[in-house]
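Given next are the chains, with one letter for each unit.
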Amino acid sequence: QVQLVESGGGLVQPGGSLRLSCAASGSIFSIRDMGWYRQAPGKQRELVALITSGGSINYVDSVKGRFTISRDNVKNTVYLQMNSLKPEDTAVYYCNAEVTVIARSTMRFWGQGTQVTVSS
């Protein structure tokens, strides 16, 4: 079993900050890329940020300069530091990880999501 558990979502005013965390646990051999996606009501899920096992990072244009993704490979945890939040950042944020399990198969797993609401 592999589980991804997100935390850190909440209500924040425009211009504020939140830090999301996602911890992976279970029958993990290794983790390749880890990323954050978000989905607003009525909209398609989009990739927000991705970080590979080698440290390469990709952001969606709308969050560049405001969000920072990082990971702790010892803890199998990925973080998303979100600064200068805007109302359009409101969404459910989902953690995603490409995991090689103990059996050496590689699969992608999703967390349950954590709500981020940006409102005054």
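Everything that follows concerns the structure shown earlier in this document.
Residues numbered from 1 in each chain as written. Predicted model: local features only at pLDDT ≥ 70, side-chain atom pairs only at ≥ 80, totals over all residues. Heavy atoms only, no water.

Looking at the sheet that holds strand S3 (residues 18-26)
Filter applied, for reference: At least two bridges found by DSSP between two strands is the condition for calling them paired. For the purposes of this entry, the term helix denotes a DSSP run of H or I that reaches at least four residues, the term strand denotes a run of E that reaches at least two, and both are numbered from the N terminus. Convention adopted: a line fitted to C-alpha atoms gives each axis, helices being fitted over their contacting stretch, and angles between N-to-C directions are expressed from 0 to 180 degrees.
The four strands are arranged S1-S3-S8-S7 in an open sheet whose pairing can be described as antiparallel. Lying at the two open borders of the sheet, with one neighbouring strand each, are strand S1 (2-7) and strand S7 (67-72). If you compare each strand with its neighbour and ignore which way they point, the axes differ by 15° on average.

A few points about the side chain of threonine 100
This is how the line gets drawn: Contacts are residue-level and defined by heavy atoms, with any inter-residue pair within 4.5 Å sufficient.
Checked against the element boundaries, threonine 100 lands in strand S9 (residues 91-101). Filtering out sequence-adjacent residues up to four positions away, threonine 100 remains in contact with Ile28, Phe29, Ser30, Arg32, Ser105 and Thr106.

Considering the pattern of salt bridges
Just so we agree on the cut-off: One side-chain nitrogen of Lys or Arg within 4 Å of one carboxyl oxygen of Asp or Glu is enough to make a salt bridge. Remark: exposure states derive from per-residue accessible area (1.4 Å probe, protein chains only) relative to the maximum for the residue type, with buried under 20%, exposed over 50%, and partly exposed in between.
Under the criterion given, the structure shown has six salt bridges. Residue lysine 64 pairs with aspartate 61 through a salt bridge whose shortest N-O separation is 2.9 Å. Of the residues examined, aspartate 61 reaches a relative accessible area of 59% and is grouped as exposed. Notably, a salt bridge pairs arginine 66 with aspartate 89, separated by 2.7 Å at the nearest N-O pair. With arginine 66 in the loop between strand S6 (57-59) and S7 and aspartate 89 in the loop between strand S8 (77-82) and S9, the pair connects residues that are 23 residues apart, well separated along the chain. Classification of aspartate 89 as buried rests on a relative accessible area of 1%. Each of Arg38, Glu46, Arg66 and Asp89 takes part in salt bridges that share partners, so that together they form one network.

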